[in-house]
Amino acid sequence: MEAFRTKTPNHFNLPERIERLGEVAYNLWWTWEKEAQRLFEYIDPHLWEETYHNPVKFLRQAPRARLNAVTFDKWYLEFYDRLLEQFDRYMAAEDTWFLQSYPDLRYNPIAYFSTEFGLHETLPIYAGGLGVLSGDHVKEASDLGLPFVAIGFLYTQGYFSQHITEDGWQEAHQVNLKFSDLPVLPLIDEDEKPLTVAVELPGRVVQARIWEVRVGRAPLYLLDTNVEGNSDSDRMLTARLYSSDLDLRISQEIILGVGGVRALRMLGYNPNVWHMNEGHSAFLSLERIREKVAGGRSFEEAAEETRRGNIFTTHTPVPAGNDEFPLWLMDKYFSHLWPELGLNREQFMEIAGRTLSWGETFSMPVLALRMSAISNGVSELHGQVARDMWQFLYPTKKVAEVPITHVTNGIHTGTWLARRLRELFNTYLPENWLQDMANPELWENALNIPDEELWEVRKHLKRKLVAYMRERARHQWRHDGVHPVQVVASGTLLDPYALTIGFARRFSTYKRAGLVLSDLERMLKLINQPNRPVQIIFAGKSHPADEPGKLLIQEVYRKVKQAENGGRLVFLEDYDMNIARYLVQGVDVWLNTPRRPNEASGTSGQKAALNGVLNFSILDGWWREGYNGQNGWAIGEDRAYDDPAEQDRADAESLYNTLENEIIPLYYDQRPGDKLPVKWVGMVKECLRTLAPRFSMTRMVKEYTQRLYLPVMQDTDSPVAAGK
Ligand SMILES: *Cc1c(COP(=O)(O)O)cnc(C)c1O
């Protein structure tokens, strides 16, 4: 590994006394250690906002005078020394959960593959929940001290930014990212040349550069084909996420799966566990089998060894998330590989063949399931759904015996918890609460937080959200030349004291963003009661190729724009992790209305719960496990429907009734004088007590480690585990 390295650039030309800011900027540790962000913000708060909380861009632009000034600021220098000491301690820690629990396994790396990573808004290489989950997983792996390395893409254009026209139509703006402004570092060889990995595509070899993102202690390597020497079209292969063009899509997945394995080899990794986060990376199995066949194994032996080192997590029952490639496409991309594996065409296609209504396919989830020692869904209900869905692959097994388990998703505490709440927990929870986040006993102490203090922080977070939204609306008004009604629709009339409901996520039809407005007349009556105002904030993008999704945005936006709602319905453009943070911390109620059982897990409601925001959701995914009758509200019943129209009607009726008869009255049941809603705050504490530990990423990564990674690592017959 010595030959390849990243150099922490010294291009910032910082004063020597604060030189190590450059190192901090290039380690995403600052994304969850909120204090570290103040190291930059303090120097120039205005520039910090202008660079969208991006320390690399910030340091490149920071005025020399401001940088010099802080080197004479006693407070700042003490703060700097303290934070750098904390950083060094974090990076060198030997007392992590993994090293303490499994010291013998510290050199058994886990390789984690995903098409998207949501780490921070400055690095827009994620589209939604899958990416945020991957990002949170890497951060937690770092916190817990797992030997962990991740692989993904550095998309040259990132995910699009969203603009909504006056008529509610989503416009996608795509710009090239400037990598030198991002916290990513190119890997270079001894001659300081960019390190590339080669992958065969039909009639040519494509090179991909390797970039490193330092996520605390865990490296994330990102591939990018925008390399000199590649054809113009190949340079665009990794421009964007999730193309609907089949050639582009399969090429990306080959680069991720095959190129990812080769990149790790090049960097000297010999992973014991290969975790495919969703089926997009399943071609990694073919590459691993090829390596073993080249080393003299038969295909069967190679496939069995490969399988024993693999883990597969399936994330959705929705077809768009489960890639199926037609066989003509497989012929085009893989005919060179069959002989190398010692197979003929028919045998090769059989590895992951599937017959669908539209024809024969090579199925990525089938490949992943067949080639994994352990597979899992992402909630209890999703585990059942996945077993049912894939039972046809195991004809001798009953549905309940299909070998797909579940690990319910969680969220990374440091990333999603508001700073003020963290301080409150520091005061009222045992000292080690953050290290021992998943321990439910410790969270019993949430009940001891004084009502007044908890409510004060909740009110503060809502004010912060409203102020932020008004500021964005003002900016639109001044700079974007939008119509006045768009300024209202983006939140100028929001009331920081009104009951505020948030609905933000990708706009896919199964998430039914329109459900809450399906009986608009009834909703207008509910939100416009003079003494009990209610406001709803919507946000979310639709994949640019998802026409029904974009129509849904338009339907919601047109209702938001109507004068009758008095500015109490709002649509916030360009949903990303920054807006997500404001919303999951600032609203009172988090609404989620998926058409069960399509949600699989969902994680935004977990972020809300961690911040004391009450969930009001369909009993699907994680909420079906989290809801206990006292920590939020359920929409609909714990049951399945045959008729989606009947399901929509029943869910809408339940939603309106609960909102009208329970949620609004409870929120406005406020103590005379200080207006504290005592029963509401009681529910907030119950929400924290029961949900914060259980749906944390700490619980999730420990569970993956103990139930999935360790059995694979300790499968001592497996040659991959033997050479520790
Ligand atoms: C958490 C998050 C999601 C996932 O939200 P769900 O409601 O679980 O689908 C999507 N996008 C962003 C930006 C997020 O932060």
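All values derive from a computational prediction rather than experimental measurement.

1. Concerning the domain arrangement of the chain
In many analyses, interface size is given as the accessible surface area lost on bringing the parts together.
Right, so step 1: Split into domains, the chain comes out as domain 1 (4-92) and domain 2 (415-695).
Right, so step 2: Placing the centre of domain 1 and that of domain 2 at their C-alpha centroids yields a distance of 34 Å.
Right, so step 3: Each side of the interface is counted separately: domain 1 has eight residues, and domain 2 has eight residues.
Right, so step 4: Taking both partners together, domain 1 and domain 2 bury about 690 Å²; carbon and sulfur atoms supply 31% of that area.
Right, so step 5: Three residues, Trp32, Lys34 and Tyr52, lead the burial of domain 1 against domain 2; their summed loss comes to 61% of the area buried on that side.
Right, so step 6: Connecting domain 1 to domain 2 are one salt bridge.
Right, so step 7: Among the ionic pairs, Glu33 bridges to Arg422, the shortest N-O distance being 3.1 Å.

2. Focus: the packing of aromatic side chains
The description of an aromatic ring pair rests on the distance of the ring centres and on the angle between the ring planes.
Right, so step 1: Tallying each qualifying case throughout the model produces 42 aromatic pairs.
Right, so step 2: In this structure, Lys541 packs its charged tip against the face of Phe160, placed 5.1 Å from the ring centre.
Right, so step 3: Across from the ring centre of Trp416, 4.1 Å away, lies the NZ or CZ of Lys607, which sits over that ring.

3. Quick word on the side chain of Arg596
Right, so step 1: With respect to the helices and strands, the residue Arg596 is situated in the loop between strand 19 (589-592) and helix 26 (604-610).
Right, so step 2: Only 2.8 Å separates the side chain of Arg596 from the side chain of Asp638, close enough to count as a polar contact.
Right, so step 3: Once residues lying within four places of it in the same chain are set aside, the contact partners of Arg596 are Leu381, Ile618, Leu619, Asp620, Arg624, Glu637, Asp638, Arg639, Ala640 and Gln647.

4. Quick word on unusual backbone geometry
Most peptide bonds take the trans configuration, and most residues that are not glycine carry a negative phi.
Right, so step 1: At the junction of Arg596 and Pro597, the peptide bond is cis and its omega measures out at 5° in the coordinates.
Right, so step 2: Note that Pro597 resides in the loop between strand 19 and helix 26.
Right, so step 3: Positive phi is not limited to glycine here, since Asn13 has a value of about 55°.
Right, so step 4: Along the chain, Asn13 falls in the segment before helix 1 (21-25).
Right, so step 5: Note on Asn13: relative accessible area 56%, which makes it exposed.
Right, so step 6: Even without a glycine there, the phi angle at Glu278 is positive, about 80°.
Right, so step 7: Within the secondary structure layout, Glu278 lies in the loop between strand 9 (273-277) and helix 12 (284-294).

Calculation notes
- Residues numbered from 1 in each chain as written.
- Predicted model: local features only at pLDDT ≥ 70, side-chain atom pairs only at ≥ 80, totals over all residues.
- Heavy atoms only, no water.
- Domains from an automatic or database assignment.
- Contact = heavy atoms within 4.5 Å.
- Buried area = accessible area lost by both parts, 1.4 Å probe.
- Salt bridge = Lys/Arg side-chain N within 4 Å of Asp/Glu carboxyl O.
- Phe/Tyr/Trp six-rings, centres within 6.5 Å; stacked < 30°, edge-to-face > 60°.
- Lys NZ or Arg CZ within 6 Å of the ring centre and 35° of its normal.
- Helix = DSSP H or I, 4+ residues; strand = E, 2+ residues; numbered from the N terminus.
- Polar contact = N/O pair within 3.5 Å; in protein donor to acceptor, adjacent residues only side chain to side chain.
- Buried < 20%, exposed > 50% of the residue type's maximum accessible area, 1.4 Å probe, protein only.

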